[in-house]
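Below are the chains, spelled out letter by letter.
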Amino acid sequence: MPIVNRIADYAEEMKTWRRHLHAHPELEFDCVETAAFVVERLKEFGVDEIHEGIAKTGVVAIINGEGNGETIGLRADMDALPMDEITGADYASKVAGKMHACGHDGHTTMLLGAAKYLAETRNFSGRVALIFQPAEEEGGGGNIMVQEGVMERFEVKEVYALHNVPGQPLGSFHTTPGPIMAAVDTFTIHIQGKGGHGAYPQDTVDPVVAAVAMVNAIQTIVSRNHDTRQQAVVSVTQIHAGSANNVIPDGGFINGTIRTFDKDVQAMIHRRLEEISKGTAAAYGLDATLELDVDYPATINHPKQTHFAADVAREIAGEANVDAEQWMEMGAEDFSYMLEARPGAYLFLGAGEGAGLHHPAFDFNDEISPIGASFFAKLVETAQPR
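Rules and cut-offs
Residues numbered from 1 in each chain as written. Predicted model: local features only at pLDDT ≥ 70, side-chain atom pairs only at ≥ 80, totals over all residues. Heavy atoms only, no water. Buried < 20%, exposed > 50% of the residue type's maximum accessible area, 1.4 Å probe, protein only. Helix = DSSP H or I, 4+ residues; strand = E, 2+ residues; numbered from the N terminus. Pairing = 2+ DSSP bridges. Axes fitted to C-alpha atoms, helices over the stretch in contact; angles between N-to-C directions. Parallel < 35°, antiparallel > 145°, perpendicular 65-115°, else oblique. Left-handed = near helix turned anticlockwise from the far one by under 90°. Contact = heavy atoms within 4.5 Å. Nonpolar A, V, L, I, M, F, W, Y, C, P; charged D, E, K, R; others polar. Core = buried A, V, L, I, M, F, W, Y, C linked by side-chain atoms within 4.5 Å.

K.L.:
Help me understand the pairing of strand 3 (residues 71–77), please; the structure alone is not making it clear to me.
P.N.:
In summary, the side chains of a regular strand alternate between the two faces of the sheet. With seven of seven residues buried, strand 3 lies mostly within the body of the structure. Of the two faces of strand 3, both are covered, the one formed by Thr 71, Gly 73, Arg 75 and Asp 77 as well as the one formed by Ile 72, Leu 74 and Ala 76. Where strand 3 and strand 4 (residues 127–133) come together, seven bridges link them in parallel fashion. When the bridges of strand 4 are listed, Gly 73 appears paired with Ala 129. By the bridge criterion, five bridges tie strand 3 to strand 5 (residues 156–165) in an arrangement that is parallel. Its bridge partner lying in strand 5, Leu 74 is registered against Tyr 160.

K.L.:
What is the right way to read unusual backbone geometry from this model?
P.N.:
Look at Arg 122: it is not a glycine, yet its phi comes out positive at around 50°. Within the fold, Arg 122 resides in the loop between helix 4 (104–121) and strand 4. Arg 122 gets classed as buried once you look at its relative accessible area, which sits at 16%. The phi torsion at Glu 155 lies on the positive side, around 55°, for a residue other than glycine.

K.L.:
Would you take a moment to explain the packing of helix 3 (residues 32–45) against helix 4 for this structure?
P.N.:
Describing two packed helices takes the angle between their axes plus the distance from one axis to the other. At a minimum axis separation of 9 Å, helix 3 and helix 4 run at an interaxial angle of 15°. As judged from the angle between their axes, helix 3 and helix 4 are roughly parallel. Our pair here, helix 3 against helix 4, has a crossing hand that is right-handed. Contacts from Phe 37, Val 38, Arg 41, Leu 42 and Phe 45 in helix 3 reach Thr 108, Leu 112, Ala 115, Lys 116 and Ala 119 in helix 4. For the contact of helix 3 with helix 4, the per-class residue count stands at seven nonpolar, one polar and two charged.

K.L.:
Just checking my understanding: could you explain the nonpolar core for this structure?
P.N.:
Most often, soluble globular proteins have nonpolar side chains that are buried together. In this structure, Leu 42, Leu 74, Leu 130, Phe 132, Phe 173 and Phe 375 are the most contacted members of the largest nonpolar core, which totals 58 residues. Listed in part, the 27 residues of the second largest apolar core include Val 60, Ala 129, Val 146 and Val 165.

K.L.:
Any chance you could explain the sheet that holds strand 4 here in plain terms?
P.N.:
Backbone-to-backbone hydrogen bonds join strands into a sheet, with any given pair of strands oriented parallel or antiparallel. Spatially, the eight strands line up as an open sheet ordered 1-2-4-3-5-16-6-15, and their pairing is mixed. The open sheet is flanked by strand 1 (49–54) and strand 15 (322–323), the only strands paired with a single partner. Contacts from helix 4 reach strand 2 (58–64), strand 3, strand 4, strand 5 and strand 16 (344–350), with the element oriented near 145° to strand 3. In the packing of helix 10 (residues 303–317) onto the sheet, contacts are made with strand 5, strand 6 (173–174), strand 15 and strand 16, and the angle to strand 16 comes to roughly 30°.

Here is the structure:
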């Protein structure tokens, strides 16, 4: 694996950084200690500017190259997940109910490794904006950073990001031009009937049977209303009603997720959910209210930047280890907001075998940190040669 030799020298140091971050996870926008750790390292590296407090705990650092040029943005997410860890590692989370189960500790480490190298060598023109973002898992920190003007303030021309992926060959890269990850929406249908004794259903308006009918009807949206040539997922993930075996409840709710790539498909699903909830409620003689939370948009790579990033990845990993036509993923990612604001690309980096993302036994593979850092560094040097 032809990683940058100087970055290979940082491998043990990067492992130490990553394991410190892993042991001290923070959620959403409350990445206070994480941001402080990042800032401390950046100061040690001698970057030219450090800007704190963006999207509450986000950090942007600037490294100037040799000579004039554009600014290229590199982004890493910093937040963890609200779950308990079962790895048993010496560096396992020290905070109950919080763990780095998605590898954001590794993403931050890879960008720090690139920062150290770029600040030391400066073998590029223009500037690099290192974007350390909070609240990817929940809260849309990427959107907040865009809203707070990071692209305009730091004159970012293009922006790139990496995400580790267990189960793919170690050090392999995977991306695709166009849509790569789905838009995500959440729906909740609140159902209000009339409760009573389970022995006398004629005196009630039963929300349970209405909920079951709604769930069955919701399953027909993708199978009967949707063009199968376009990807979409509608999953009911929660049904809540009742508290005893002999009581018909007053109400309940249905909850689920929507994943789409096309805005027209998204609009159709929203419309059908409204029609199903209202129509079924009318048929069963009760009330239903649909609540839609429209969340992250689809992550859409820009073709020119994606082809360029794939070429850089080939220099790092070799032709056989780069898949530049990956199938679209139904997961979601708030880097989508940055790609709406600026051209760029999102890539996956294979982490080898191990527990999957968002699993309590997940642990980022430290072997890929120098690979990811080398990709970031090589991307800057290639895009903006001195």
